[in-house]
Amino acid sequence: MTPIVFVHGFLGGSQQWQRQAEDLSGFDVIALDLPGYGKNARLDALDSIAGYADWALNELTERGIQQFHLIGHSMGGMVVQEMVARAPGRIARLVLYGTGALGVLPGRFETIGTSKRRARADGPQATARRIAASWFLEREKDAAYEDCAVIAEQCNLQSILTGLDAMEGWSGAERLADIEVKTLVIWGDRDRTYPWSQTEQLWQSIPDANLAVIPECAHATHLEKPGLFNRVLIDFCAD
């Protein structure tokens, strides 16, 4: 069966996909840690979304993985759009989850510039916990919040600022119509990071795109309603 590759978002890491790895036990699940994040927090963060895409493709090649389903969350959704542009023949199906085509994040709970200023003023740990709370509809009260905050806290200030710079300088809008891979767009209808306008742009601009809206979820739908999220994912990726 075709493996599924997960690419996390800003302040994320491979450990966020544990519930998916458990429920998708029929698949070979590969969850990456981008440089500067998660288990690779010791590595220097990269300064561009394109750089992360090149790193991810090289990492998969080194692991002997040539053909795969690909899912990207948030900033990871930007990364996987770049991966598709570089190696469309390697990707069987594409999932763009809680993401968009504009790295400046119009409609986000705060601007990229505000996040940079607050990160410098508050420090990396406080920033990690504050932003992680915005991913959940119930914020810090969500059962999955603390685990996500701990993963986010692994990032140093350089990783936070570099990641924000990488997103701010990126756009994939002009290439959406060129994506030929069958695509699923997943969005939590109370997402504070990506409003409907970004989701609709993906859905309407990618030629072979389907849409799944998960109700009463914010930005971490795969943790807020993992059962429903996983059923949708399995249905789409089943060979």
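So, here's what we can say about the structure. (Residues numbered from 1 in each chain as written. Predicted model: local features only at pLDDT ≥ 70, side-chain atom pairs only at ≥ 80, totals over all residues. Heavy atoms only, no water.)

This brings us to helix α7 (residues 157-168). For α7, with 12 residues, the first-to-last C-alpha span of 17 Å sits near the 16 Å given by 1.5 Å per residue. Among the residues making up α7, those that are buried are S159, I160, L161, T162, G163, L164, A166 and M167. Taking the backbone nitrogen of Q158 as reference, a side-chain oxygen 3.1 Å away marks N156 as the first, capping residue of α7. (Helix = DSSP H or I, 4+ residues; strand = E, 2+ residues; numbered from the N terminus. Expected span 1.5 Å × (residues − 1). Buried < 20%, exposed > 50% of the residue type's maximum accessible area, 1.4 Å probe, protein only. Polar contact = N/O pair within 3.5 Å; in protein donor to acceptor, adjacent residues only side chain to side chain.)

On to the sheet that holds strand β1 (residues 4-7). In space, the six strands of this open sheet follow the order β2-β1-β3-β4-β5-β6, with parallel pairing throughout. Among the strands making up the open sheet, the edge pair consists of β2 (29-32) and β6 (209-214). For this sheet, the mean angle separating the axes of adjacent strands, direction not counted, is 20°. As judged from the four bridges shared by β1 and β2, these two strands associate in the parallel manner. Among the inter-strand pairings, V7 is bridged to a residue of β2, identified as L32. Helix α10 (residues 226-237) contacts β1, β3 (68-73), β4 (91-97), β5 (182-188) and β6 of the sheet and is inclined by roughly 170° relative to β5. (Pairing = 2+ DSSP bridges. Axes fitted to C-alpha atoms, helices over the stretch in contact; angles between N-to-C directions. Contact = heavy atoms within 4.5 Å.)

With that settled, the discussion passes to the nonpolar core. F10, F68, L70, M83, L94 and M167 are the most contacted members of the largest nonpolar core, which has 60 residues in total. Setting aside residues no more than four positions away along its own chain, F68 makes contact with T2, P3, V5, L57, L60, M83, R90, I91, A92 and R93. (Core = buried A, V, L, I, M, F, W, Y, C linked by side-chain atoms within 4.5 Å.)

In terms of burial, β5 is a largely internal element, six of the seven residues being buried. With five bridges connecting them, β4 and β5 associate as parallel partners. Along β5, the bridge assignment pairs R93 with K182. Inspection of the sheet shows β5 paired to β6 by six bridges, in the parallel sense. Counted as the bridge partner of L184 is N210 from β6.

A contiguous nonpolar patch, built from W196, W203 and V213 and spanning about 250 Å² of accessible area, is present on the exposed surface. Note on placement: V213 falls in strand β6. Owing to a relative accessible area of 39%, V213 belongs among the partly exposed residues under this scheme. (Patch = residues over 30% accessible without salt bridge, like charges linked within 9 Å, V, L, I, M, F, W, Y side chains within 5 Å. Areas by Shrake-Rupley, 256 points an atom, 1.4 Å probe, with all protein chains shown as cover. Salt bridge = Lys/Arg side-chain N within 4 Å of Asp/Glu carboxyl O.)

Where helix α2 (residues 49-62) contacts helix α3 (residues 75-86), the two axes come as close as 8 Å, and the packing angle between them is 70°. The pairing of α2 with α3 is recorded here as roughly perpendicular in orientation. Crossing geometry of α2 relative to α3 is assigned as right-handed. Within the contact between the two elements, α2 uses I49, A50, Y52, A53, D54, A56, L57 and L60 and α3 uses M75, M78, V79, E82, M83 and R86. When its residues are assigned to classes, the contact of α2 with α3 shows 11 nonpolar, no polar and three charged. (Parallel < 35°, antiparallel > 145°, perpendicular 65-115°, else oblique. Left-handed = near helix turned anticlockwise from the far one by under 90°. Nonpolar A, V, L, I, M, F, W, Y, C, P; charged D, E, K, R; others polar.)

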